[in-house]
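Structure assessment
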Amino acid sequence: LPTATPGNVIVLAKSQDLPRALRVRDFFFTGLPLTVITVFVGTFLIHIMEGVIFDADEPFPRWACDDVSCIWVSVPGFVGSQEVTSQACSADMEVINCTLSNGTTIDIATYMAAPGA
């Protein structure tokens with residue numbers, strides 16, 4: 001709606017003095033292409049900059065595991081191209097098995113990391 005921002009409210013109010021006042025439809029058709037372009041450009045930039053800004057290529061950090069749906073286990077291996085001695089594991093609903101980033105499913109009881117390690 002045109003009243004969503006103060007600038008649009010002012011333009012809509014002042015347009016009442018014109019021979020043909022602006023309508024909501026005018027705002028919609030003007031803003032739609034800009035919105036579509038912004039969505040595509042934003043999506044493209046996120047994919048381009050994910051490694052730089054979000055460290056998406058790095059292993060999952062230990063501090064981010066909540067010990068409920070993500071459990072830290074002492075399983076050495078490779079995460080991406082980096083060798084690790086322990087890594088995050090996505091736990092299933094029964095918290096018996098979990099899945100590593102490479103898709104391997106393991107038994108949690110066998111590999112649980114010691115607390116504070």
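Residues numbered from 1 in each chain as written. Predicted model: local features only at pLDDT ≥ 70, side-chain atom pairs only at ≥ 80, totals over all residues. Heavy atoms only, no water.

As for the overall build of the protein chain
Spelled out, the test is: Each helix is a run of H or I in the DSSP string that is no shorter than four residues. Each strand is a run of E no shorter than two, and both are numbered from the N terminus. Buried, partly exposed and exposed residues are distinguished by accessible area as a fraction of the type maximum, computed with a 1.4 Å probe on protein chains only: under 20%, between the cut-offs, and over 50%, respectively. Here a residue-residue contact requires only that any non-hydrogen atoms of the pair lie within 4.5 Å. Where accessible areas are quoted, they stem from the Shrake-Rupley method and a 1.4 Å probe; at the residue level, only the protein chains shown are allowed to cover.
Along the backbone of the protein chain there are three helices and six strands. Traced from its N-terminal end to its C-terminal end, the protein chain shows the element sequence α-α-β-β-β-β-β-β-α. Per-residue burial for the protein chain yields a buried fraction of 20% across its 117 residues. Look at the contacts in the protein chain between residues 6 or more apart in sequence, and 20% of them connect residues 24 or more apart. Entry remark: accessible area of the protein chain is about 8,800 Å², with carbon and sulfur atoms responsible for 66%.

Some details on the pairing of strand E4 (residues 87-91)
What counts here: A pair of strands is treated as paired once DSSP finds two or more bridges between them.
Within E4, four of the five residues are buried, which leaves it mostly tucked inside the rest of the structure. The pairing of strand E1 (residues 70-73) with E4 spans four bridges and is antiparallel. Paired with Cys70 across the two strands is Ser90, which belongs to E4. Two strands pair when backbone bridges link them, and E4 and strand E5 (residues 97-99) are joined in this way by two bridges, in the antiparallel orientation. Across the sheet, Ser90 pairs through a bridge with Thr99, a residue of E5.

Quick notes on the pattern of salt bridges
Here is the rule we go by: By definition here, a salt bridge exists when the distance from a side-chain nitrogen of Lys or Arg to a carboxyl oxygen of Asp or Glu is within 4 Å.
Inspection of every chain in the model, using the stated rule, returns two salt bridges. As a salt-bridge pair, Arg20 and Asp26 come within 3.6 Å of each other at their nearest N and O atoms. A residue is classified by how much of its surface remains accessible, and Asp26, at 18% relative accessible area, is buried. Close ionic contact of Arg23 with Asp26 constitutes a salt bridge, the shortest N to O distance being 3.7 Å. The class of Arg23 is partly exposed, set by a relative accessible area of 37%. Sharing partners across several salt bridges, the network here consists of Arg20, Arg23 and Asp26.

Comments concerning the nonpolar core
The following threshold applies: As used in this record, nonpolar core signifies buried Ala, Val, Leu, Ile, Met, Phe, Trp, Tyr and Cys residues forming a set joined through side-chain atoms within 4.5 Å.
Membership of the largest hydrophobic core is limited to nine residues, which are Ile71, Val73, Val75, Cys89, Ala91, Cys98, Leu100, Ile106 and Ile108. When contributions to this core are tallied by element, the ones reaching two or more residues are E1 and E4.

Observations concerning the side chain of Ser15
Test applied: Polar contact is defined as a pair of N or O atoms within 3.5 Å, subject to the rule that within protein one atom must be able to donate a hydrogen and the other to accept it, and that residues adjacent in sequence are counted only when both atoms are side-chain atoms.
Here Ser15 lies in the loop between helix H1 (6-14) and helix H2 (24-53). For Ser15, a relative accessible area of 2% puts it in the buried group. Side-chain polar atoms of Ser15 contact the backbone nitrogen of Leu22, separated by 3.2 Å. Here Ser15 is in contact with Arg20, Ala21 and Leu22, once residues within four sequence places are set aside.

So, H2
The line we're drawing: Bend angle per residue: angle between axes fitted to the 7 residues ending at that residue and the 7 residues starting there.
Along H2, the sharpest kink reaches roughly 40°, centred on His47. One or two residues past the end of H2 sits Asp55, with phi positive at roughly 50°.

Fair warning: the whole summary comes from geometry, so function is off the table for now.
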